[in-house]
Amino acid sequence: MFSERLLVTLVVLCCLRPLQPAAQKVAHHASFSGAGSILSLKEKKDSLVIRMPMRRNYRRKRREKPHILYNQNQTASIRMDDYRTVSYKGPISIGTPPKSFDVVFDTGSSDLWVFSEDSGAAHRDYLNTYDQSESSTYNGFHTTIFSIKYGIGACKGRTLREVVNIGGIGVDNQLMGQVIEYTDNFDTAENPTDGILGLAFPDAAQIKGRKYDGNVVMNMKSQGLIKEATFSFILGGDPSVDGEDGSYFLIGPPDYRYVYNNTITYVPVNSGQCPGMWCVRMDTLLIDGKELGFCAGAGGCMALPDTGTSMIVVPNFHWEDFSRRIVNGRNDCKIDGRGIFCSQGTEGLPTISIVLGFHVFHLEPKQYMLSGEVLGFMPSVLPMW
């Protein structure tokens, strides 16, 4: 059994906006290690970091072959197009010869899947599909049927094993799925995605076959391709302001150029509360500096740093009180079962302060206003944030 400890450098509850205006970056680093059940971060100056910019995708554009850049630290970077929206995804390749897919790198699930050529996605010119007959490394022995239910949506398909390449690192015989049936939310021309690559632990996996070896990063380590099973996310600011795409998925030690104030906050993972997931304790949550009892009690709240979720989710039993305090009596704001909507901008909205590992991380209104009037909060049936 792998043990774990989560590193959070800024705050990862809001995956879509930076929490420190001065840095305009959010970094989330995690690692899997066997001894002592610890998820740890260790910096090694001579370590190679594979850095893959993640596209915030709005509409499909067929990429040219990305090229690799190296800086003085020997960091390999795959440069990609940037589309401004609230969805983060990046490229992987599957099979021999390799075929490219855009997937969500998701810390909130454990399974890797892409659309099958046998699915309805094959009739969508904005989606890529996997065709087992075109790959010499397809392994269909012991194929089983799987089904997965997410917070929003579901899918079903067949298991297989294949060569999966991320950032130039090729993993052999990776257990994955090809999806044949799926709900409509996975098929959107405005924000196309070919699949999901889960980065949580084996206990949360739904695609298991006869044996589940672990997610792709775990298998990089077990196959001797990387020294430590560590990964990071850097979710950057507005590229029209930064002048470049600032969002990356990194495999390897953290890139300290993106660590705010050169300070890293370590937060223990509590796998007992939500098996297989990156659950951490949130000590408290403040609104305009006031502690309002959302995390009352010695245990605090449980929170899930989830790179596949576009909003900060609030447990249903806190939603009414939380949302009312956010809008603070503004007449232009609407609250319903989907979220909070304010038509007249951010003026008068409060600062949210999240305490993780006894460090306070501030979220300003301009950072949780996702679009013209949508605030980055939504209710959830789950008891965690």
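Bear in mind the structure is a predicted one, so any value in this text is a computation, not a measurement. (Residues numbered from 1 in each chain as written. Predicted model: local features only at pLDDT ≥ 70, side-chain atom pairs only at ≥ 80, totals over all residues. Heavy atoms only, no water.)

## Section: the overall build of the protein chain
From N to C terminus, the protein chain includes 4 helices and 25 strands. Every one of the 385 residues in the protein chain was classed for burial, and the buried ones make up 55%. Pairs at least 24 residues apart make up 69% of the contacts formed inside the protein chain by residues separated by at least 6 positions. (Helix = DSSP H or I, 4+ residues; strand = E, 2+ residues; numbered from the N terminus. Buried < 20%, exposed > 50% of the residue type's maximum accessible area, 1.4 Å probe, protein only. Contact = heavy atoms within 4.5 Å.)

## Details of the state of the cysteines
What the rule picks out here adds up to 3 disulfides. Across the disulfide, C333 is cross-linked to C342 (sulfur-sulfur distance 2.1 Å). Across the S-S bond of C333 and C342 the torsion is about 115°, and the bridge reads as right-handed. (Disulfide = S-S within 2.5 Å.)

## Side note on the confidence of the model for the protein chain
Per-residue pLDDT for the protein chain averages 78, and the proportion of residues at 70 or more is 74%. Strand 1 (residues 3-8) is the least confidently modelled element of the protein chain, averaging 36 in pLDDT, while strand 9 (residues 112-115) averages 97, the highest of any element. In this model, residues 1-26 is a region of pLDDT below 50 whose contacts with residues beyond four sequence positions or in other chains number 125 contacts. The low-confidence segment residues 55-84, where pLDDT is below 50, has 101 contacts with residues more than four positions distant or belonging to other chains. (pLDDT = per-residue confidence, 0-100.)

## Some details on the pairing of strand 13 (residues 195-198)
Alternating positions in strand 13 separate into two faces, G195 and L197 on one and I196 and G198 on the other, with burial throughout. Pairing of strand 9 with strand 13, which is carried by 3 bridges, proceeds in the antiparallel orientation. Counted as the bridge partner of L112 is L197 from strand 13. (Pairing = 2+ DSSP bridges.)

## Section: the pattern of salt bridges
Oppositely charged side chains can pair when the atoms bearing their charge come close. By the definition in use, this model includes 8 salt bridges. D187 is the salt-bridge partner of R124, the closest N and O atoms lying 2.8 Å from each other. Here the residue R124 occupies a position in the loop between strand 9 and strand 10 (145-149), and D187 occupies one in the loop between strand 12 (169-182) and strand 13, the gap between them amounting to 63 residues. Judged by relative accessible area, which is 33%, R124 ranks as partly exposed. For R338, the salt bridge identified is with D336, shortest N-O distance 3.0 Å. Here R338 falls in the exposed class, since its relative accessible area comes to 55%. Linked by salt bridges that have partners in common, D321, R324 and R325 make up one network. (Salt bridge = Lys/Arg side-chain N within 4 Å of Asp/Glu carboxyl O.)

## Topic: unusual backbone geometry
Residues T96 and P97 are joined by a peptide bond in cis, for which omega reads 0°. Mapped onto the secondary structure, P97 falls in the loop between strand 7 (88-94) and strand 8 (99-106). One non-glycine residue, D288, lies in positive phi territory at about 50°. Looking at where D288 falls in the secondary structure, it is placed in the loop between strand 17 (280-287) and strand 18 (290-291). The backbone phi angle of N328 is positive, close to 55°, even though this residue is not glycine. Tracing the backbone shows N328 in the loop between helix 3 (316-327) and strand 21 (333-335). Given a relative accessible area of 53%, N328 falls into the exposed group.

## What about the nonpolar core?
I92, I166 and F322 are the most contacted members of the largest nonpolar core, which totals 68 residues. Discounting residues that sit within four places of it in the chain, I92 has contacts with K99, S100, F101, V103, F105, L112, V164, N165, I166 and L197. Core analysis: the next-biggest nonpolar cluster, separate from the first, contains 18 residues, W113, Y126, I196 and I207 among them. (Core = buried A, V, L, I, M, F, W, Y, C linked by side-chain atoms within 4.5 Å.)

## A word on the side chain of R330
Among the structural elements, R330 can be located in the loop between helix 3 and strand 21. If we ignore the near neighbours within four places in the chain, the residues touching R330 are C342, Q344, G345, T346, E347 and L349.

## Topic: the packing of aromatic side chains
Tallying each qualifying case throughout the model produces 15 aromatic pairs. Ring centres of F201 and W278 lie 4.5 Å apart, and the angle between their planes is 50°; on these two criteria the pair is classed as tilted. A residue pair is termed long-range when its members are at least 10 positions apart, and F201 in the loop between strand 13 and helix 1 (216-222) and W278 in the loop between strand 16 (265-268) and strand 17 qualify at 77 residues. The exposure classification of F201 matches that of W278, with both residues buried. Seen from their ring centres, F294 and F322 are 5.9 Å apart, and the 70° between their planes marks the pair as edge-to-face. Of the two residues, F294 is situated in the loop between strand 18 and strand 19 (301-303) and F322 in helix 3; the sequence distance between them amounts to 28 residues. A relative accessible area of 1% means that F322 is categorised as buried. Among the aromatic residues, those joined into a cluster by ring pairs are F105, F201, F231, F233, F249 and W278. (Phe/Tyr/Trp six-rings, centres within 6.5 Å; stacked < 30°, edge-to-face > 60°.)

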